[in-house]
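Close look at the chain arrangement
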Amino acid sequence: MGRVTGSWLSGPQINGGDDVEYRGADLGLPQSGPGSLATGWTRVLGLLIDWVLAYGLSLLFTSLTSPYLGTIVLGVWFVIGVVAVSVFGFTPGQFVVGMRVLRVDLGTDRATAEVTGKTAPAAVGIVRAVARQVLIVFLVPALINDYNGRALHDRATGTALIRTR
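Description of the structure in this document. Predicted model only: the values in this text are computed from it and were never measured. (Residues numbered from 1 in each chain as written. Predicted model: local features only at pLDDT ≥ 70, side-chain atom pairs only at ≥ 80, totals over all residues. Heavy atoms only, no water.)

Remarks on the overall build of the protein chain
So the rule is basically this: Secondary structure elements are taken from DSSP: a helix is a run of H or I of four residues or more, a strand is a run of E of two residues or more, and numbering for both begins at the N terminus. Each residue is placed in one exposure class: buried if its accessible area under a 1.4 Å probe, protein chains only, is under 20% of its type's maximum, exposed if it is over 50%, and partly exposed if it falls in between. Whether two residues touch is decided by their heavy atoms; if any such pair falls within 4.5 Å, the residues are in contact. Using the Shrake-Rupley algorithm and a 1.4 Å probe, accessible areas are obtained, with residue cover drawn only from the displayed protein chains.
Regarding its fold elements, the protein chain presents eight helices and two strands. Written out in order from the N terminus, the α and β elements of the protein chain read α-α-α-α-β-α-α-α-α-β. Among the 165 residues that make up the protein chain, the fraction classed as buried is 36%. Within the protein chain, contacts between residues at least 6 apart in sequence are counted, and of these 61% link residues at least 24 apart. Here the protein chain displays about 9,400 Å² of accessible surface, and carbon together with sulfur accounts for 65% of that area.

Okay, structure coming up:
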């Protein structure tokens with residue numbers, strides 16, 4: 001009986017990574033330092049900064065007592081995320097905490113070359129940026145991680161959040 005309940009009580013798991021040496025090794029990323037996968041708390045801090053920025057900008061469009069404030073904040077946050085990630089490769093919050101979005105769908109050699117500075121970073125693009133933001137809005141993909149610690153919205157779009165410093 002414990003085995004049956006343990007399978008669903010332990011939470012969702014994504015298979016793979018049994019033979020991976022460290023988080024990000026199979027993506028061609030270093031174990032630590034610049035270019036390594038960002039931690040969960042760093043990602044949360046970046047998201048918090050983006051939300052505070054979106055909240056402040058939303059007050060330019062509506063009053064603090066407006067019943068539509070939450071929807072406007074979400075819309076402003078969505079636009080900031082799409083524009084910033086597609087143009088720069090990071091949101092303002094990700095920049096502040098030292099992260100950027102890396103395309104990992106191009107292979108481990110390309111990821112290693114980008115992290116070491118031998119190749120310019122590949123553009124994330126508008127389609128991936130929109131897809132990431134849409135999936136993050138629903139929070140479920142952001143709360144489920146794979147063996148690398150990448151959220152489902154990163155897996156779905158072939159991206160990863162890496163440290164820049």
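Considerations on a nonpolar patch on the surface
As a reminder of what qualifies: Only residues whose relative accessible area exceeds 30% and that form no salt bridge are eligible for patches; like-charged ones are grouped when within 9 Å, while nonpolar side chains (Val, Leu, Ile, Met, Phe, Trp, Tyr) are grouped when within 5 Å. Here, a salt bridge means any side-chain nitrogen of Lys or Arg that lies within 4 Å of a carboxyl oxygen of Asp or Glu.
Nonpolar side chains collect at one region of the surface, where L74, I126, V127, V130, V134, V137 and F138 lie side by side and expose about 590 Å² of accessible area between them. Looking at the nonpolar patch, the element that brings in the most residues is helix α6 (residues 126-137), giving five residues. Relative to the helices and strands, V127 is located in helix α6.

Considering the environment of D26
Mapped onto the elements of the fold, D26 is located in the loop between α1 (2-9) and α2 (40-58). Owing to a relative accessible area of 31%, D26 belongs among the partly exposed residues under this scheme. Considering only alpha carbons, one finds D26 and T108, 82 residues apart in sequence, at a separation of 7.2 Å.

Quick notes on the side chain of T159
For the record, the criterion: What qualifies as a polar contact is a pair of N or O atoms within 3.5 Å, subject to a donor-acceptor requirement within protein and to the restriction that residues adjacent in sequence count only when both atoms come from side chains.
Take T159: it is sitting in strand β2 (residues 159-163). Of note is the side chain of T159, whose polar atom sits 3.3 Å from the side chain of R132. With residues up to four places along the chain from it excluded, the contact list for T159 reads V101, L102, R103, V104, V124, R128, R132, R150, H153 and D154.

Describing the pairing of strand β1 (residues 99-103)
In terms of burial, β1 is a largely internal element, five of the five residues being buried. Burial along β1 is two-sided: the face carrying M99, V101 and R103 and the face carrying R100 and L102 are both buried.

A look at the nonpolar core
Put simply, the test is: Think of a nonpolar core as a cluster: buried Ala, Val, Leu, Ile, Met, Phe, Trp, Tyr and Cys residues, connected wherever their side-chain atoms sit within 4.5 Å.
By size, the foremost hydrophobic cluster in this structure holds nine residues: A38, V82, V85, V97, M99, V101, V124, A129 and L161. Of all the secondary-structure elements, those providing two or more residues to this core are α3 (69-87) and β1.

Details of the pattern of salt bridges
On inspection of all chains with the given rule, the structure shows six salt bridges. Among the ionic pairs, D154 bridges to R43, the shortest N-O distance being 2.9 Å. Of this pair, D154 sits in helix α8 (residues 152-157) while R43 sits in helix α2, and the two are 111 residues apart along the sequence. In this pair, the class of D154 matches that of R43, namely buried. Taking the shortest distance from any N to any O, the salt bridge between R128 and D105 comes out at 2.5 Å.

Concerning the side chain of H153
Counting through the fold element by element, H153 comes out in helix α8. The class for H153 is buried, based on a relative accessible area of 3%.

Topic: the pairing of β2
For clarity, the cut-off: What makes two strands pair is DSSP finding at least two bridges between them.
Burial runs high along β2: four of the five residues are buried. In the sheet, β1 pairs with β2 via five bridges, with the strands oriented antiparallel. Note on β2: the bridge partner recorded for M99 is R163.

Some details on the packing of α3 against α6
We apply this condition: Under this scheme, a helix contributes an axis fitted over its contacting stretch, all axes are lines through C-alpha atoms, and angles between N-to-C directions fall in the 0 to 180 degree range. Crossing chirality is assigned from the near helix's rotation relative to the far helix, an anticlockwise turn below a right angle marking it left-handed and a clockwise turn marking it right-handed.
It is the contact of α3 with α6, at a shortest axis distance of 8 Å, that shows an interaxial angle of 145°. The two elements α3 and α6 meet at a crossing, and its hand is right-handed. Contacts from L74, W77, F78, G81, V82, V85 and S86 in α3 reach I126, A129, V130, Q133, V134, I136 and V137 in α6.

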